[in-house]
Amino acid sequence: MKTNRISASRQSNAAQELEASETWASTPQNMQIRMDTTLLQRAPTATQAKASDEGWENDVESFAKRLAEHHLSNERGISDKIEKARRISAASSRTHECELSTEGGLTVRTLWQTETNVAIAKSCIQDDCKACAYNYTVSDAGELNFSLIKCWLIAPF
């Protein structure tokens, strides 16, 4: 476990508080920090917790369809409707993986982990195969939103 001590130095109280808040903000979720004798654990933000509260992560095929539609529309410029979704990971797995097909015959594979709120969509259009990673959140209105992290070329699947 990483331990950060915030000690009384020649800094003003405001400077020490700023240093502590910067340390806290840069700490990955679920990492524990020991400050003097108090043990604190960073809790998930309300938006992160809401993704599973709304049922998006629990409804694996609906989540996969929404991710595939977003990926095809935004990164591939294709508006094909998803025709079929099939879960290919075990129901007990922490990583959810699905294979989807569109009306136009394209195949998209999706996977995500609920602990990280990161999802990946993979697609091949002719010989152009691409994977894209997204952060995902659920709005206060219950809408599943994706923000692109990055895309990269992959081998055909």
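Worth saying up front: this structure is predicted, and the values here are computed from it rather than measured.

Parameters and conventions
- Residues numbered from 1 in each chain as written.
- Predicted model: local features only at pLDDT ≥ 70, side-chain atom pairs only at ≥ 80, totals over all residues.
- Heavy atoms only, no water.
- Phe/Tyr/Trp six-rings, centres within 6.5 Å; stacked < 30°, edge-to-face > 60°.
- Helix = DSSP H or I, 4+ residues; strand = E, 2+ residues; numbered from the N terminus.
- Buried < 20%, exposed > 50% of the residue type's maximum accessible area, 1.4 Å probe, protein only.
- Disulfide = S-S within 2.5 Å.

**Focus: the packing of aromatic side chains**
In step 1: Overall, the coordinates contain five aromatic pairs when judged by the stated rule.
In step 2: For the pair Tyr 134 and Phe 146, a centre-to-centre distance of 5.9 Å together with 70° between the ring planes defines the contact as edge-to-face. Of this pair, Tyr 134 sits in strand β7 (residues 128-138) while Phe 146 is found in strand β8 (residues 144-153), placing the two residues 12 residues apart along the sequence. As far as the burial class goes, Tyr 134 and Phe 146 line up, both buried.
In step 3: Their ring planes at 55° and their centres at 6.4 Å tell us that Tyr 136 and Phe 146 sit as a pair that is tilted. Placement of Tyr 136 in strand β7 and of Phe 146 in strand β8 is noted, with a sequence separation of 10 residues between them.

**Observations concerning the state of the cysteines**
In step 1: A full pass over the atoms with the stated rule returns two disulfides.
In step 2: One disulfide in the model links Cys 132 with Cys 151; its S-S distance is 2.0 Å. Across the S-S bond linking Cys 132 and Cys 151, the dihedral sits near 110°, which makes this disulfide right-handed. Of this pair, Cys 132 sits in strand β7 while Cys 151 sits in strand β8, and the two are 19 residues apart along the sequence.
In step 3: In the chain, the bonded cysteines, taken in the order they occur along the sequence, pair up as 1-2, 3-4.

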